[in-house]
Amino acid sequence: MPTPTPARPRPLRTAASWIGGLSALISGLVGSGLLTGIQGDALTGAIGAVVAVLSAFGIVLVTERRVTPVADPRDDSGRALTLDTGEATR
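This structure is a prediction, so every number in the text was calculated from the model and none was measured.

**Student:** Give a detailed account of the overall build of the protein, specifying residues and quantitative values.
**Tutor:** Along its length, the protein carries two helices and zero strands. Split into buried and exposed, the 90 residues of the protein put 8% on the buried side. Carbon and sulfur atoms make up 64% of the accessible area of the protein, which totals about 7,700 Å².

Written out as structure tokens, the structure is:
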């Protein structure tokens, strides 16, 4: 299997990184005393609610166009992607 190129879009990984980063930032602010535990829990809950809403109304629709399906994969022009096995076609 070829190694993925760094330029390949990875929208799901990007979204998960942002969510994880925000959660880690909130935990750090609570740990340093800049936020109380209740404030940290409220912010984490708000992030969870926003993620749930985005998931229901948009993330799937936006990212689905950027992911190659396993069944019937096609290029941007709609041509079927095929595996070149090295055999000559007849």
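Anyway, onward from the coordinates.
**Student:** An account of helix H1 (residues 11-32) is needed here, citing residue identities and associated values.
**Tutor:** Over its 22 residues, H1 runs 32 Å from end to end, which matches the ideal 32 Å to within 8%, given 1.5 Å per residue. Residue Gly33 follows H1 closely and has a positive phi angle near 90°.

**Student:** Go over the environment of Val67, please, and point to the residues and values.
**Tutor:** Following the sequence through the fold, Val67 ends up in the segment after helix H2 (37-64). For the pair Val67 and Leu12, spaced 55 residues apart in sequence, the C-alpha separation works out to 9.4 Å.

**Student:** Hey, could you go over the pattern of salt bridges for me, with residue numbers and the actual values?
**Tutor:** Side chains carrying opposite charge are able to pair once their charged atoms draw close together. For the coordinates displayed, the defined rule picks out one salt bridge. Between Asp75 and Arg79 there is a salt bridge, with the nearest N and O atoms lying 2.9 Å from each other.

**Student:** Residue-level account of the environment of Ala80, with values.
**Tutor:** Here Ala80 is to be found in the segment after H2. Look past the residues within four positions of Ala80 in its chain and what remains in contact with it is Pro73 and Arg74.

**Student:** Can you lay out the environment of Ala16 for me, pointing to particular residues and giving the numbers?
**Tutor:** Relative to the elements of secondary structure, Ala16 occurs in helix H1. Spatially, the C-alpha atoms of Ala16 and Val51 are 10.0 Å apart, while their sequence positions differ by 35 residues.

Rules used in this analysis
Residues numbered from 1 in each chain as written. Predicted model: local features only at pLDDT ≥ 70, side-chain atom pairs only at ≥ 80, totals over all residues. Heavy atoms only, no water. Helix = DSSP H or I, 4+ residues; strand = E, 2+ residues; numbered from the N terminus. Buried < 20%, exposed > 50% of the residue type's maximum accessible area, 1.4 Å probe, protein only. Areas by Shrake-Rupley, 256 points an atom, 1.4 Å probe, with all protein chains shown as cover. Expected span 1.5 Å × (residues − 1). Salt bridge = Lys/Arg side-chain N within 4 Å of Asp/Glu carboxyl O. Contact = heavy atoms within 4.5 Å.

Read these as spatial facts, not as claims about activity.
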